[in-house]
Every structure is written in structure tokens, then in C-alpha cells.
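Here's the letter readout for the chains.
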There are 2 protein chains.
Amino acid sequence: MTDVNTTDLAAIDRHIEEHLEQYLADLRLLCRLPSVAAQSRSIDETAEATRGLLEKYGVAATIMPTARFPVVYGEASGTANETVLCYNHYDVQPAEPLELWDSEPFDAIVRDGSIFGRGVGDDKGHIICRLAAIDALCAVTGGLPCGIKFLIEGEEEIGSGSLDPFIAEHKDMLQADGCLWEFGGVDYDGRPQIFAGMRGDLYVELRVRTANRDAHSGLGGSQFPNAAWRLTWALATLKNQNERILIPGWYDDVRDASPRDMELLEALPSEEDRLQRTYGLKNFLLDATGTELKRRALFEPTCTISGLSSGYQGPGSKTILPAEAMAKVDFRLVPNQSAEQLLGKLKQHLADQGFDDIDVIQHGGYDAARVDPDAPFVQLVADTGWDVYDRPVALHPTSGGSGPMDSFVRHLGMPIANVGIGYPDSGAHAPNEHVRIDDFIRGIKQTARVFLRMGESGTR
Amino acid sequence: MTDVNTTDLAAIDRHIEEHLEQYLADLRLLCRLPSVAAQSRSIDETAEATRGLLEKYGVAATIMPTARFPVVYGEASGTANETVLCYNHYDVQPAEPLELWDSEPFDAIVRDGSIFGRGVGDDKGHIICRLAAIDALCAVTGGLPCGIKFLIEGEEEIGSGSLDPFIAEHKDMLQADGCLWEFGGVDYDGRPQIFAGMRGDLYVELRVRTANRDAHSGLGGSQFPNAAWRLTWALATLKNQNERILIPGWYDDVRDASPRDMELLEALPSEEDRLQRTYGLKNFLLDATGTELKRRALFEPTCTISGLSSGYQGPGSKTILPAEAMAKVDFRLVPNQSAEQLLGKLKQHLADQGFDDIDVIQHGGYDAARVDPDAPFVQLVADTGWDVYDRPVALHPTSGGSGPMDSFVRHLGMPIANVGIGYPDSGAHAPNEHVRIDDFIRGIKQTARVFLRMGESGTR
């Protein structure tokens, strides 16, 4: 295959638009499988369905075991030697709280120009987006311009525990000239976004049990230890109201934003108004604004309580003293912090503060990852974004989110960029997760252009 | 009716034993109605069923409206002028957590010598206990030895909000020479207990909402306020790890245990071993033991977190930043503290600490009440306990529990004591609430004796 002309591009775009229903039907098929990794639901079934879809679109696919949930691996060869590795995941976040959904979370439906359902964006829509691009390229040009590999894991929403050893073991198989990350999309201004990195994450559950049963609060209040109080006091030692994490040594390895990072941050459009409207916020934490708010959003370690549970939570009063309490705590890490080391520091801190009774259960851990924002592959992806969206890409020095990007950087050393179908109010991880159909179409078109450009010239 | 001889007493006891099945059947009938006040369930139905039972046992009964849930009032006259007022309640605690029950909470069943179900002890069993005593007295002696009145409310488990105005409005109707309180029973050593007072209670729900929806914790962690953190920090300002309540002025009006109180505390048997075994405790709060532990249990203001709720509480991880958080907090009050004033101090404290965003919703409030432990009516009840249980009564200066006793003391000025069917592991307010059948029988026998003795000599 030689250079693609504009006639081909128009034909590819037309093919995508004309086959939209087929792509949405395939997306619905995947979304009907409730592959909630945290709840170990429908994992094997979804891996198999994903493999089947890859095969349907001409990608030779196989299911490869890991220590826990299997990886779906796929390969399709192209005219050029250049290869793109697509990283995706077939697992999804829990759908709870169910009562806040306006439609069945696992029955993806189209309404008001969007498709709603758990996983439509994160991340099943991106799997379909890439397969649709392959479909259009093959239909219009008779083949693929570049080699395409798929690494689709099943543990992304629970910390990708099996992925790092999998990548380390299959370095040769996974070699490529660039990696398309699992997410992407546009910001509030409709500008496509590229993230040259991800934050790290340490997600833990703190559990305390102070007795073998709940007591009447009239009996135990001044005599028995109270699990809810133990947890509250322990949590209060983790972070103060100035948002400073109080665990000794937490900031020791923090690498601050570089001058180039600050340059990229300055160039990003402000999303303050939109965020305030969307979430109904009066102001941001510590009243931060402007570049400082952007810096805090991406380069400040965080400690977020994601869940609290103890005792009676129903209406009215129940006079009990709870024997058990639980908190979920999500720490986001910045470059150079080590999730493993910080877990040790957290445990040591709790012990030092007298909270030996609090169990720390780890549910996820990633180190932060950085990609050179000026790498040619990143530039190539940025150019295709400009082409499809008719405006320049917003290049973020890192995503606020977390993922196993560090494993790709460390083991495979390839440049990474992203093309996607989301927008800020897509509701990833929240009720009523959705993707706008227009974003879905544009994501497919941009993905097709990335494959085309890789076949034409690669990143050389 | 004249003095009752021991033949009559034996016949009364025999009648009680022979009609046990009937009394248990009536108890099951009441317990099948899930009259959970906190959830506004089956209230009118249960009031009507209670009225019907009173009528069945010859007590003229009527349902009297209040601002919220109705009172069932009953009267039966006796040979003597002396009258006993029975205070009870037909509402119950929520049955949650349902999964911890070994049988249906609202289908009271007899198993292993006990009857299990929500309300079998607290408080429907006590209503039946009193009616059974009336039944036996009428059957054996042809009538009642003293007048008996019933005041059975429907809001005891949610703070008796309508009771104080009801009592104030019906002082004349409610006049009596002594009041039998709604609970009672034996301690771990099988000694019947009398409580010359109750602690006060202030039960509040703290609620905070920081946004109009949950956010992804990767987005909001260092930018958005977090409801769970706001709640945690606010709670941590309420009490320190030395169990000292930090709200300014909380201890201002505390009346310490008197020398007579300390004398009564000293005389009480130790329950430390039993409590430690039952609840699986290594030690008590602040390592208290002996008389100090007894004093703390009854004369120390408490601040108990009864429930915590925010964000994701399911298995594994969900990376959200919650927009809402809630805590239920149960403060127990000692004599001379005012629930109303303390509520004001709590609100002021939260405002002073910068927690204007935290809503305080009151679910209950009682002031503490004290009864003269040496009053003749209390002595009469104690004597009947010795008679039935063949051991001296344990006379507590106050109960650790709370109730609307202060309204009786303030408006009616009558002595109060208690006879009952519980024991320390009855599971009041907990899963598998139960009453031992032997305790049920003994409670009826003692109640019959209290009515008899009131008819014989009263408290003069």
C-alpha cells in the first residue's frame, strides 16, 4: 500500500459513518457482559467475547492466562513494518449505586445522541473504536497500512495486578513503534487531549474490628472500643485540612513539575467554570485557581477517601456501637513516588500512631509514568487530532488518572499517546456513563488516521 | 379483696405456667407486625393490635393521637385504690443487618428455650408480661388487687418525641402510685435488676454534601472538596482518643455521682469477665476496671459513632471522590445535662471549627432522670424480685440506657422501678434479639406480685 490520498480518507470516513450501527451493536454486545473486575463477574465470558470480536475484524486473537484474569492478545499485519500496540481492558468499574442510573447499566442503550452503559467509554468503546478503524481501512484500502497489536487486559479497574509480569514476560511479542493508550477524547472546548504520562495510584482498604459483635450504645459507649471511632481517628492522622498528607516521608521522592511541564500546563485551556458548573462547586480546594489549580490537579500527591462504612446507615436512629468499620482510600502518586514504598510508610505510620488494630488491604498500586511529550509518535497522534477535530490538541504533561503505563515505559520503552471517545462529563466510574455518538465517530476516524500515518511514514 | 395467702400465690404461678403457650402466641402476634418507628412501618396496625390485646385481657383501652405516632392507653380498676402505671412501647428498632439473623426477625420463633425476634424483649414481651400477670390474678383471685394503667407509646426507639407533651397534657389521667418501667430482667448472675434512673440521650445525624455528584478520584482528588474527608475531620474534633468530648461546655452541667450512687455502684456485681467474653474484648476503654469502670459506664457522658456512610462500600476498589457523607452520633447524657442545650453547643462547635457545611439532624433527645433509690415503691419491687428469683436485687443508681423517664419524673412525680424479662445477652437492638422462656415466666410472676403487694399495702 502506498500513500493514501484524500479520496481514500473521504471514503474511509464515509465507511465509518455508514457502518455506525454495526459498531454500536458490537459495543452493546460487549457492554451486556457485566465484567466488573472488583466483583469477579463475567470475566472469562467477556474475554472470550472480546477475542471473538477481534477475530471478526480480522485480528488473529488468543486468550492468554495470567496469575488472575486472562489477557486477550491480538495481531494483524500491515503493509508497512511499523506497528502500533493498542492497550485496552475488557473489565469495568462496579455499576453501584444502581439507583442513580436512568437506564440499565448493563444494557447499553442509545438516547439523545449518546450511548449509555457501564463500560461504553471505559473501556469497551475504545476496543470497538479501534476495530472499527481497522474495518474501515480494510474495506476501503484492501488491507492495513501498519501492523496492529492488541493487549487487552481484565484487571485495569482493580489495579492491573497481573499486567507487569505479563509484559515483562512477553517483551518481544509486544514490541511496537508506538502505543495507543486505552482512553482519550475531548475537553470541554472540544479539543482532543493527549496525556504524556499518568499518575501513580495506591488504593487501600482500612479495616478495623473492635469486638465480635455490635453492642447497644447505651451499654458500650463509655466502656467498649468503637470501630468507627478508631477508623475516624486513624483517618484524621493521614491528611490535614490544608490537604497536606501527614504520613512521614510521603513527599520525599516527589519530582516536581519541570519547566516544560509548567509550559504545557500554562498552555492548557482553563476548565474551572465548566468543572464548577458540572459538579456544583463553589470553589476549588484551597481556593486554587489558574496554573496553580492545574499544577495541583496533576503534580500534587492526593489522599482521597473513596468510601466509608460502619454500623447503621438506614433512616432515623439505631443506637448501636459498631464492632466493624471500613474506609477505602485512594492515594494518587506523582513521578518518582513508589507505590510499594508508600504502602510501607502508610503501615508504619499507622503503627507509630497506635493504630495496630487497623488492617491495611491493598487493592491497587501503580507508579507514575512519564512519556516525552515531544516524541515524534506523540506529535503524529497530535497531528491526526488536529485533522479530525479541526483544532489543536491539548497536550497534558500527564493525566490525572492512573494506569499501568509505567510497565509499558519500563519494559517496552515505546512512546505512548492516546486517541479516544470520551469527554469530561462521560461519567466514567459514575452512574450514567455514556459516550456521545459524534465523539465515537470522530474517535474512529482519528484512529484510522493514526494507523494510516504510521504506515506512510512511521515515526521516523 | 383481702390479703393473698401463699396458696393463692402458688395457684397464680401455676396458672402462669399452664397458660404459657397462650402468652407466647399473643407475643408472636405482636412481633409479626414490623413496627419499626425509624422506618414508619406498621405503626397504626400495631397500635390497634396492642389495643385489642389489652381489651382481650380486660383492660379498657383506647388509641390516643399525638403529633406523630399514637399512644395506646388502658385502664383496669382493682380492689384497692392504689394504682400502678405501666409504661411500655409498641415500636421496635430496625432489624438490619438482616443477614446476621438466624431466623426471620419478624416471625418470632421458639428455639432452644428462647423466643427469637425483633421486639420479643424490647418491648413487646413486656407488654405481654404485664397482661399475663393480670390474666393470672383475675383467674385465681377473681379480680385485680390494684388499679392498673397502661401508657404504651410508639416512638420510644426514635426518641419519644411526642411523649412529653402527651404526659404534660394528661397528668390527671396518668396519676398513679408507682410506675413500672418498660424494661428489666436479670444480670449475668441471675440477679434481678432495678434502675433508679436513666441516662439522657442526644442522637444526631451529621450530613455533608460537597458537590452535586461524585467525581472520579483521579480528577477531583487534589481539586474538589471531599464529603468523606469533611465528615472525618469534623468527627475528629468531637472526641479525642482519651474519650474526652471536645465540644466547649459539654461538661459544664454534669452532676457527678453522689456518695449514695458510689455506694450502690460498689455493691453491684462485676460484669467485666462476662462482657469481655460476650463481646470478645481484650480490655475496656482507657483500661478502666472495678468501680471506676462501673462509674464510667453510668456517669460519664459519651459520644458514640453509631454509623458511617460515604461513597463506595462494595468489594475491591472504586476510584471515586464522594459528594455525600453521613454519620450517626449517639451522645449519652448524665444527670443535669440538657439535650437541647447540648445540641446548640454541638452546632456552635461545628460552626466555630469551620464546618458550616455539615448539617445536624436530630433524631432523639432525652434528659437524664433520677429516681430516689430508697423510695418505698422501689423497695416493694425489690422485695418481689427477691421472692421470685431467690436472691437480692441489684439496685443500679441509673441505667446505662436512655428513655423518656425524665418526663414521668417532671410531670407526674411518681416513683419508678422495673420488672422485666431480659438478660444481658438478649440482643436488644441487635440481630437475634431473644428472651429466655424461663425469664419470661419469672417476669410474669414478679409482675403479679408487684400488683398484689400494691393492693395489699401499697407503698404507704
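Residues numbered from 1 in each chain as written. Chains lettered and ligands numbered in written order. Predicted model: local features only at pLDDT ≥ 70, side-chain atom pairs only at ≥ 80, totals over all residues.

S.K.: Go over the interface of chain B and chain A, please, and point to the residues and values.
M.R.: Each partner contributes residues to the interface: chain B has 73 residues there, and chain A has 73 residues. With 9 residues, strand S12 (residues 302-311) of chain B is the largest single contributor of residues to the side of chain B that touches chain A. Split into classes, the residues belonging to the side of chain B that touches chain A amount to 30 nonpolar, 32 polar and 11 charged. Across 5 bridges, the pairing between strand S11 (residues 302-311) of chain A and S12(B) is antiparallel. (Contact = placed C-beta atoms within 7 Å. Helix = DSSP H or I, 4+ residues; strand = E, 2+ residues; numbered from the N terminus. Nonpolar A, V, L, I, M, F, W, Y, C, P; charged D, E, K, R; others polar. Pairing = 2+ DSSP bridges.)

S.K.: Please set out the relation of the copies chain B and chain A residue by residue, giving values where relevant.
M.R.: To go from the first copy of the chain to the second, apply a rotation about an axis and then a shift along the same axis. Note on the copies: chain B fits chain A at an RMSD of 0.0 Å, the axial shift is 0.0 Å, and the rotation between them is 180°. In short, the pair behaves as if placed about a two-fold rotation axis. For chain B, the smallest separation between a C-alpha atom and the rotation axis is recorded for B:Ser309, amounting to 2.4 Å. Mapped onto chain A, 100% of the interface residues of chain B are again interface residues, and the two copies thus contact each other with one and the same surface. (Least-squares fit on C-alpha atoms with pLDDT ≥ 70 in both.)

S.K.: Kindly report on the domain arrangement of chain A, identifying the contributing residues and their values.
M.R.: Residue and element names in this part refer to chain A. The assigned domain composition of chain A is domain 1 (6-196 + 371-456) and domain 2 (199-254 + 301-366). Using only C-alpha atoms to locate each centre, domain 1 and domain 2 end up separated by 35 Å. Contact residues are listed per partner, giving 11 residues for domain 1 and 9 residues for domain 2. (Domains from an automatic or database assignment.)

S.K.: Tell me what's going on with the environment of B:Glu153, and back it up with residues and numbers.
M.R.: Position of B:Glu153 among the secondary structure elements: in strand S6 (residues 147-153). C-alpha separation for the pair B:Glu153 and B:Tyr73, spaced 80 residues apart in sequence, amounts to 8.5 Å.

S.K.: Go over the environment of A:Pro165, please, and point to the residues and values.
M.R.: Residue and element names in this part refer to chain A. In this fold, Pro-165 is placed in helix H5 (residues 163-169). On the basis of neighbour counts, which here come to 13 C-beta atoms within 10 Å, the residue Pro-165 falls in the partly exposed class. On a C-alpha basis, the gap between Pro-165 and Pro-335 in space is 21 Å, while along the polypeptide they are 170 residues apart. (Buried ≥ 20, exposed ≤ 12 C-beta atoms within 10 Å, placed from the backbone.)

S.K.: Give me the lowdown on the nonpolar core, citing residues and values where you can.
M.R.: By size, the foremost hydrophobic cluster in this structure holds 278 residues, and its most contacted members are A:Val84, A:Phe451, B:Val84 and B:Phe451. Other than its neighbours up to four places away in sequence, A:Val84 contacts A:Cys146, A:Ile148, A:Ala176, A:Asp177, A:Gly178, A:Leu180, A:Val450, A:Phe451 and A:Met454. (Core = buried A, V, L, I, M, F, W, Y, C linked by C-beta atoms within 7 Å.)

S.K.: Give a detailed account of the sheet that holds strand S5 (residues 114-116) of chain A, specifying residues and quantitative values.
M.R.: All names here are of chain A. Here we have 3 strands laid out as an open sheet, ordered S4-S5-S19, and antiparallel in their pairing. Both edges of this open sheet fall to strand S4 (109-111) and strand S19 (434-436), since each of them pairs with a single strand only. Across the sheet, the mean angle separating the axes of adjacent strands is 25° when strand polarity is ignored. In this sheet, S19 lies alongside S5 in antiparallel orientation, the contact comprising 3 bridges. Considered in S19, the bridge of Phe-116 is made with His-434. (Axes fitted to C-alpha atoms, helices over the stretch in contact; angles between N-to-C directions.)

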